[in-house]
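The primary structure of each chain is shown beneath.
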Amino acid sequence: MCGIIGYIGKEKAGDILIEGLRRLEYRGYDSAGIATIDNGQIKIIKSVGKLRQLEKILRNSSLSGNIGIGHTRWATHGKPSDENAHPHSDCHNQIVVVHNGIIENYIELREELIKKGHKIVSETDTEIIAHLIEEYHKNHSFEEAVSLSLKNLKGAYALGILHSQHPDTIIAARLGSPLIIGLGENEHFIASDIPAILSHTRQIIFLDEEEMAIIKADEVKVTDLNGCIKSKTFHQITWDPIMAEKDGYKHFMLKEIHEQPRAIEDTMRGNLKEDDIFLDEVKLSSEDIDKIKKVFIVACGTSYHAALVGKFMLEELSLIPTEVDIGSEFRYRQPLIDDKVLFITISQSGETADSIAALREAKRKGAKVISICNVLGSTITRESDGVIYTHAGPEIGVASTKAFTTQLVALYMFSIYLGRRKRALSPQKAKELILELRKLPQCVINVLKSAEEIKNYTKYYFKCNDFLFLGRGINYPIALEGALKLKEISYIHAEGYPAGEMKHGPIALIDENMPVVTIATESKVYDKILSNIEEVKARDGIVIALANSDNQRIMDIANHVTHISKINELLSPVLNVIPLQMLAYYIAEKRGCDVDQPRNLAKSVTVE
Ligand code: AGP
């Protein structure tokens, strides 16, 4: 999970690389480095720590050159250190490489190279790539040496490669990890994702699996690993670069929380008719739909929580049994998947290795696969039969917020879509559901108005060691999501539980130090939640509740109540998760945590 950037053109490469790395830092941030070719010589500057360390060193150096590659690292092989930071070079400092992914057979390759006299200085799996190219370059051209080396690699890679004898060329390649090429006028870029180069160009080529690109300032040639030319389509990106900036907020996460009304609106846009939903890109024919007997949703982390909510929506609106699993679990069991299963993968990044593996497995078994994804051109979208894009825009904060609520909207729309086509939903019922959906952005704006009040009461709780989150039914996954948000950005231990399970164990934890966050908006099980709140209060627990404003009993017993606008129960998770995102944010902020880049985490987990 690293970030790659590369530049070739007329500008000073170093400045462009640093700017790109700044936008990629969310992908990994334990060390960073850049390399340029200056007067036929490779110059490398790298440093352990965050990007600002590297910038400090660069201020005191004279790194010139109009061609270069850069990298921000999240360690997989070898601890974060100056030696293990990328770029890595060969014995003679002629070939230099940046890499995202994992080379699985690097130990064997390393031993072979050492036997041939190569001196390997880092603990990484990446360095051997530079040495392997060096070895092949003895008898082959640069381009051939790269393709022969790639054929020896097992695992995943996105690569940027320079050779000092070819100061007019960057070679890029991908297998399993994302890489794009940005097209400018007499200048070109490579990057792990779009925001890194958006301020320079909107014309993008997505590299596909086992493709390599030979990039010069005025030419881009894409080939397969045998040197056969591939014809590629350009994509025009419409994202506004300002969307990828903090926009005046202290953290990306806070900005992204406040972007939710817009993100939801954009996700709905163009798909709603009066009494039906049109999702052109799901590409399911009426025969495909008739065949579906079961839905299987697989995802990881926050996207998995969206999947759990989706199960309630799909079962209620389309009457199709729906099973949900975690990506890393699914691939190691043997669920019954065949051509009667509709398989859905949910992923913000579209690059999560466990979700990709699950998708491939489902496809292999004959299921139709659609994905709900936020990143155009990502691996998951390209490997799916159909896609529903969440138009959340780039999500930079490691903690997922707007990606989650837009996933819920996509699932709601898809459930209506399927319900109508399976004739489980009448046009009248669909009309009512769509009317509720249209209210959602305004209801989100109303919930966001509680920000100050939530910020205020977090002063009482930011030093707590443990939190419990309770929800029931369709809001049980929201309890899980609230606990995940708090854990990942504030490092406070938190658990999400179905409220009815409290009496079977967790009730033993409750005392005057334990905040219990309870989702108590109107639902089929509202009275039962109220009893759970009474049980917490009877044991001196602290109750923070989410409720609709007309419930006096909750106002009387809870320590704090956040008011949530009324909406149908299937959409209530979208509103209920927002105060929990804000709660986690303000607690983490008061604890002085690095909200956007929490320790040990990376934005997209592209390894198993
Ligand atoms: C969410 O806050 C997380 N950081 C993480 O759980 C994330 O949702 C998970 O890794 C899945 O990512 P994806 O949606 O990009 O596949």
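Higher on the page you've got the structure.
Small disclaimer: the values here were computed from a predicted structure and weren't measured.

**Student:** How do you make sense of the overall build of the protein chain when you look at a structure like this?
**Tutor:** Within the protein chain, the regular secondary structure consists of 19 helices and 24 strands. In terms of overall size, the protein chain behaves like a compact globule, its C-alpha atoms giving a radius of gyration of 25 Å where 608 residues would be expected to give roughly 25 Å. Counting only C-alpha atoms, the protein chain reaches 80 × 55 × 45 Å along its principal axes. With the model as given, the accessible surface of the protein chain reaches about 23,200 Å², and the carbon-plus-sulfur share is 48%. For the protein chain, the distance from the average position of its 73 positive side-chain charges to the average position of its 83 negative side-chain charges is 2 Å.

**Student:** Explanation requested: helix 19 (residues 572–590) in the structure shown.
**Tutor:** Because an α-helix completes one turn every 3.6 residues, residues spaced three or four positions apart along the sequence face the same direction. For helix 19, with 19 residues, the first-to-last C-alpha span of 28 Å sits near the 27 Å given by 1.5 Å per residue. Burial of helix 19 is extensive: 17 of the 19 residues sit out of reach of the surface. At the exit of helix 19 stands glycine 592, carrying a positive phi of roughly 70°.

**Student:** For this particular structure, what's the right way to read the sheet that holds strand 15 (residues 294–299)?
**Tutor:** Strands in a sheet are paired, the pairing made by backbone hydrogen bonds, and the direction either parallel or antiparallel. The sheet built from five strands is open, its strands ordered 16-15-17-18-19 with parallel pairing. Pairing within the sheet leaves two strands with one partner each, and these edge strands are strand 16 (322–326) and strand 19 (386–389). Across the sheet, the axes of successive neighbouring strands diverge by a mean angle of 20°, strand direction being ignored. Direction of pairing for strand 18 (residues 368–373) relative to strand 19: parallel, over a ladder of four bridges. If you follow isoleucine 370 over to strand 19, its bridge partner there is glycine 386. Packing of helix 9 (residues 301–318) onto the sheet brings it into contact with strand 15, strand 16 and strand 17 (341–347), and relative to strand 16 it is tilted by some 175°.

**Student:** Got a minute to help me understand the pairing of strand 1 (residues 3–8) in this structure?
**Tutor:** Across a regular strand the side chains alternate sides, sitting on one face of the sheet and then on the other. Here strand 1 lies mainly inside the structure; six of its six residues are buried. Going residue by residue along strand 1, you find Gly3, Ile5 and Tyr7 tucked away on one face and Ile4, Gly6 and Ile8 tucked away on the opposite face as well. Sheet topology places strand 1 next to strand 4 (residues 67–73); six bridges connect them, and they run antiparallel. From the neighbouring strand, isoleucine 8 faces strand 4, where its bridge partner is isoleucine 67. Two strands pair when backbone bridges link them, and strand 1 and strand 10 (residues 188–191) are joined in this way by four bridges, in the antiparallel orientation. In the strand pairing of strand 10, isoleucine 5 is matched with alanine 191.

**Student:** What is the right way to read the site of the ligand from this model?
**Tutor:** Neighbouring the ligand are 13 residues; Ser303, Ser347, Gln348, Thr352 and Glu488 lie closest to it. At 2.4 Å from an oxygen atom of the ligand is found a side-chain nitrogen or oxygen belonging to threonine 352. Summarising the interface, the protein chains cover 91% of the accessible area of the ligand, which totals 410 Å² for the free molecule. Elements with a minimum of two residues in the shell around the ligand: helix 9 and helix 16 (476–490).

**Student:** Hey, could you run me through the pattern of salt bridges in this one?
**Tutor:** A side chain with one charge can pair with a side chain of the opposite charge if their charged atoms come near. One pass over the full model with this rule turns up 39 salt bridges. Across the pair aspartate 339 and lysine 340 runs a salt bridge, and its minimum N-O distance is 4.0 Å. A cluster of three or more residues bridged by salt bridges with shared partners is formed by Asp208, Glu211, Lys230, Lys232 and Arg382.

**Student:** Help me understand the nonpolar core in this model?
**Tutor:** Soluble, globular proteins show a tendency: their nonpolar side chains are buried together. If you look at the biggest cluster of nonpolar residues, it comprises 93 residues, and the most contacted ones within it are Ile344, Phe414, Leu440, Phe467 and Phe469. Element by element, the count of residues in this core is highest for helix 19, at twelve residues. Taken domain by domain, the makeup of this core includes at least three residues from each of domain 2 (254–444) and domain 3 (449–590). If we skip the residues at most four places from it in the chain, phenylalanine 469 touches Ala479, Gly482, Ala483, Leu486, Ala494, Glu495, Gly496, Tyr497, Val517, Leu580 and Leu583.

**Student:** For this particular structure, what's the right way to read unusual backbone geometry?
**Tutor:** For residues that are not glycine, phi is negative in most cases, and the peptide bond is trans in most cases. Between histidine 86 and the following residue, proline 87, the backbone shows a cis peptide bond with an omega angle of -5°. Note on placement: proline 87 falls in the loop between strand 4 and strand 5 (88–89). Positive phi, normally seen in glycine, also occurs at glutamate 210, with a value near 55°. Although it is not a glycine, arginine 423 adopts a positive phi angle of roughly 55°.

**Student:** Help me understand helix 13 (residues 402–421) in this model?
**Tutor:** Across its 20 residues, helix 13 extends 29 Å between first and last C-alpha, which sits within 8% of the 28 Å expected from 1.5 Å per residue. For helix 13, a buried count of 18 out of 20 residues is recorded, marking the element as mostly surrounded by other parts of the structure.

**Student:** Before we go on, may I ask you to explain the sheet that holds strand 8 (residues 170–175) in this structure?
**Tutor:** Strand order in this open sheet of six strands is 5-6-7-8-12-13, and the pairing throughout is antiparallel. Edge positions in the open sheet fall to strand 5 and strand 13 (219–224), since each of these has one partner strand only. One ladder, built from five bridges, connects strand 7 (residues 157–163) with strand 8; its direction is antiparallel. The residue bridging alanine 158 from the neighbouring strand is arginine 174, located in strand 8. The sheet contacts of helix 5 (residues 142–152) involve strand 7, strand 8, strand 12 (211–216) and strand 13, and relative to strand 7 the element is tilted by about 150°.

**Student:** It is not clear to me how the packing of aromatic side chains should be interpreted in this structure. Could you clarify?
**Tutor:** Aromatic ring pairs are reported here in terms of the distance separating the ring centres and the angle at which the planes meet. Within the structure shown, the criterion is met by nine aromatic pairs. Judged by centre distance (5.7 Å) and plane angle (25°), the rings of phenylalanine 414 and tyrosine 417 are stacked. Of the two residues, phenylalanine 414 and tyrosine 417 are both situated in helix 13; the distance of three residues between them amounts to about one turn of the helix. Judged on exposure class, the residue phenylalanine 414 and its partner tyrosine 417 are both buried. Between the aromatic rings of phenylalanine 467 and phenylalanine 469, the centroid separation amounts to 6.2 Å while the plane-to-plane angle is 25°, which identifies the pairing as stacked. With a relative accessible area of 1%, phenylalanine 469 lands in the buried category. An aromatic cluster of at least three residues, connected via ring pairs, comprises Phe296, Phe330 and Phe343. Against the face of phenylalanine 278 rests arginine 421, its NZ or CZ located 5.8 Å from the ring centre. Lying over the aromatic face of tyrosine 491, arginine 599 brings its terminal NZ or CZ to 3.8 Å of the ring centre.

**Student:** Sorry if this is basic, but what is going on with the side chain of serine 378 here?
**Tutor:** Looking at the element boundaries, serine 378 is found in the loop between strand 18 and helix 12 (379–383). The exposure class of serine 378 is buried, given its relative accessible area of 2%. Only 2.8 Å separates the side chain of serine 378 from the backbone oxygen of valine 375, close enough to count as a polar contact. Residue contacts for serine 378: discarding those within four places in its chain leaves Ser349, Gly350, Glu351 and Cys373.

**Student:** Quick question: what am I supposed to make of the state of the cysteines here?
**Tutor:** A covalent bond between the sulfur atoms of two cysteines is referred to as a disulfide. Within the structure shown, the criterion is met by zero disulfides. Cysteine 2 takes part in no disulfide bond, and the closest cysteine sulfur, belonging to cysteine 300, lies 18 Å away. Under the relative-accessibility criterion, cysteine 2 is labelled buried at 5%.

Reading the values: rules and limits
Residues numbered from 1 in each chain as written. Predicted model: local features only at pLDDT ≥ 70, side-chain atom pairs only at ≥ 80, totals over all residues. Heavy atoms only, no water. Helix = DSSP H or I, 4+ residues; strand = E, 2+ residues; numbered from the N terminus. Rg over C-alpha atoms; globule rule 2.2 N^0.38 Å. Areas by Shrake-Rupley, 256 points an atom, 1.4 Å probe, with all protein chains shown as cover. Lys, Arg positive; Asp, Glu negative; His and termini not counted. Charge placed at Lys NZ, Arg CZ, Asp CG, Glu CD. Expected span 1.5 Å × (residues − 1). Buried < 20%, exposed > 50% of the residue type's maximum accessible area, 1.4 Å probe, protein only. Pairing = 2+ DSSP bridges. Axes fitted to C-alpha atoms, helices over the stretch in contact; angles between N-to-C directions. Contact = heavy atoms within 4.5 Å. Near = heavy atom within 4 Å. Polar contact = N/O pair within 3.5 Å; in protein donor to acceptor, adjacent residues only side chain to side chain. Salt bridge = Lys/Arg side-chain N within 4 Å of Asp/Glu carboxyl O. Core = buried A, V, L, I, M, F, W, Y, C linked by side-chain atoms within 4.5 Å. Domains from an automatic or database assignment. Phe/Tyr/Trp six-rings, centres within 6.5 Å; stacked < 30°, edge-to-face > 60°. Lys NZ or Arg CZ within 6 Å of the ring centre and 35° of its normal. Disulfide = S-S within 2.5 Å.

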